[in-house]
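What the coordinates show
Each chain, letter by letter, is given below.
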Amino acid sequence: MSLNNNTFNNPKVVLVTGSGQRVGAEIVRSLHQSGWTVLIHYRHSQQAALSLANELNHQRANSAYTLCADLDDLNQINQLSQQIEQITDRLDALVNNASTFYPTPIGNVDDNAWHDLFSSNAKAPFFLSQACVTLLKKTQGCIVNIVDIHAQRPFKNYTVYCMAKAALQTMTYALAKELAPDIRVNGVAPGAILWPEMNSPSAINNDTQAEILAGIPLQCSGTPQDIAKTVRFLVEDAPYITGQIIAVDGGRSHTLGME
């Protein structure tokens, strides 16, 4: 286990949004294992977030906290940064992981879908980053945005989602310049990692899943651990890296549009 500049006596602190379950929870577990104090943000997944916090606090007391906030609400975003100060009085890393994902085929897109997808994937990460700048500057911290390989090569019928992720990608590049040299800003762009649940609005049918897998050079989907390890690298072992987005996709982004 590499602790780098982090120790269990003086742990660094990370906030991971949307981290009660799935990829966000794996990012939390990975950084907690490395000695970080973890702030587990959730909106609806209260039970999953509390269960994760209890699991981690059982391993190391007072090392995990849950924070509930609706990131569509700017007041709640600002309150979230205030809660961090009250709990730990420091923040070393912000991982903007929370995301909404579902298809928006042209002709069926309304203002609610536009607002929902842009709010979770672009607006919230921007305003939360802004709210946390003062804390992150104090620690010479960093921001990691969970983008998507489809920000550059759009996924058919998911136009609004892809547009929102493209905005997040541009935000990553822009803030890397604006916040340097005090705060590093990078991104991770997952490919096929976890399929949406089959009963959800964002479900991808089996035929489409098979088509996606066939286009991946490594011929398999990735795991949440693949994303967590990359985030951990960026926050712990990459002091001279900023303004970069790492694709974790088995090589798929290099073959999209060329099948």
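Everything in this summary refers to the structure shown in the same document.

Analysis parameters
- Residues numbered from 1 in each chain as written.
- Predicted model: local features only at pLDDT ≥ 70, side-chain atom pairs only at ≥ 80, totals over all residues.
- Heavy atoms only, no water.
- Buried < 20%, exposed > 50% of the residue type's maximum accessible area, 1.4 Å probe, protein only.
- Helix = DSSP H or I, 4+ residues; strand = E, 2+ residues; numbered from the N terminus.
- Pairing = 2+ DSSP bridges.
- Right-handed = clockwise from strand over helix to strand, strands pointing away.
- Salt bridge = Lys/Arg side-chain N within 4 Å of Asp/Glu carboxyl O.
- Contact = heavy atoms within 4.5 Å.
- Patch = residues over 30% accessible without salt bridge, like charges linked within 9 Å, V, L, I, M, F, W, Y side chains within 5 Å.
- Areas by Shrake-Rupley, 256 points an atom, 1.4 Å probe, with all protein chains shown as cover.
- Phe/Tyr/Trp six-rings, centres within 6.5 Å; stacked < 30°, edge-to-face > 60°.
- Polar contact = N/O pair within 3.5 Å; in protein donor to acceptor, adjacent residues only side chain to side chain.

The next thing to look at is the pairing of strand E1 (residues 13-16). Along E1, one buried face is formed by Val13 and Leu15 and the opposite face, lined by Val14 and Val16, is buried too. Bridging between E1 and strand E2 (residues 37-42) involves 4 bridges; their strand directions are parallel. If you follow Val16 over to E2, its bridge partner there is Ile40. Between E1 and its parallel partner E2, the chain crosses via helix H1 (residues 22-33), and the hand of that crossover is right-handed.

Let us now look at the pattern of salt bridges. Under the defined criterion, the tally for this structure stands at 5 salt bridges. Ionic pairing is found between Arg43 and Asp72, a salt bridge with its closest N-O pair at 3.5 Å. Placement of Arg43 in the loop between E2 and helix H2 (46-59) and of Asp72 in the loop between strand E3 (64-68) and helix H3 (74-87) is noted, with a sequence separation of 29 residues between them. What emerges from the salt-bridge pattern is a single network uniting Arg43, Asp70 and Asp72.

Turning our attention to the environment of Leu56. Here Leu56 lies in helix H2. Distance in space between the C-alpha atoms of Leu56 and Ile106 is 44 Å, their sequence separation being 50 residues. Setting aside residues up to four positions removed in sequence, Leu56 forms contacts with Val28, Arg29, His32, Val38, Ile40, Ser63 and Ala64.

This part is about a nonpolar patch on the surface. On the surface, a nonpolar cluster with roughly 250 Å² of combined accessible area is contributed by Val109, Trp114 and Met163. With respect to the helices, strands and loops of the structure, Met163 is situated in helix H5 (residues 159-179).

This paragraph deals with the packing of aromatic side chains. Per the counting criterion, the structure on display carries 5 aromatic pairs. With a centroid separation of 4.7 Å and 10° between ring planes, the pair formed by Phe101 and Tyr158 is classed as stacked. A residue pair is termed long-range when its members are at least 10 positions apart, and Phe101 in the loop between strand E4 (93-96) and helix H4 (111-139) and Tyr158 in the loop between strand E5 (142-146) and H5 qualify at 57 residues. Among the residues examined, Phe101 registers a relative accessible area of 25% and is labelled partly exposed. Grouping aromatic residues by their ring pairs yields a cluster made of Phe101, Phe155, Tyr158 and Tyr161.

Okay, unusual backbone geometry next. Cis geometry marks the peptide bond from Ala180 to Pro181, where omega comes out at 5°. Within the secondary structure, Pro181 is located in the loop between H5 and strand E6 (184-190). The residue Arg22 is not glycine, and still its phi comes out positive at about 55°. By the element assignment, Arg22 lies in helix H1. Classification of Arg22 as partly exposed rests on a relative accessible area of 39%. A positive phi angle, near 55°, is found at Gln140, a position not held by glycine. Relative to the elements of secondary structure, Gln140 occurs in the loop between H4 and E5.

Counting through the fold element by element, Arg252 comes out in the segment after strand E7 (245-248). A relative accessible area of 8% means that Arg252 is categorised as buried. Polar contacts involving the side chain of Arg252 include one to the side chain of His150, which spans 3.2 Å. Setting aside residues up to four positions removed in sequence, Arg252 forms contacts with Ile149, His150, Ile212, Gly215, Ile216 and Pro217.

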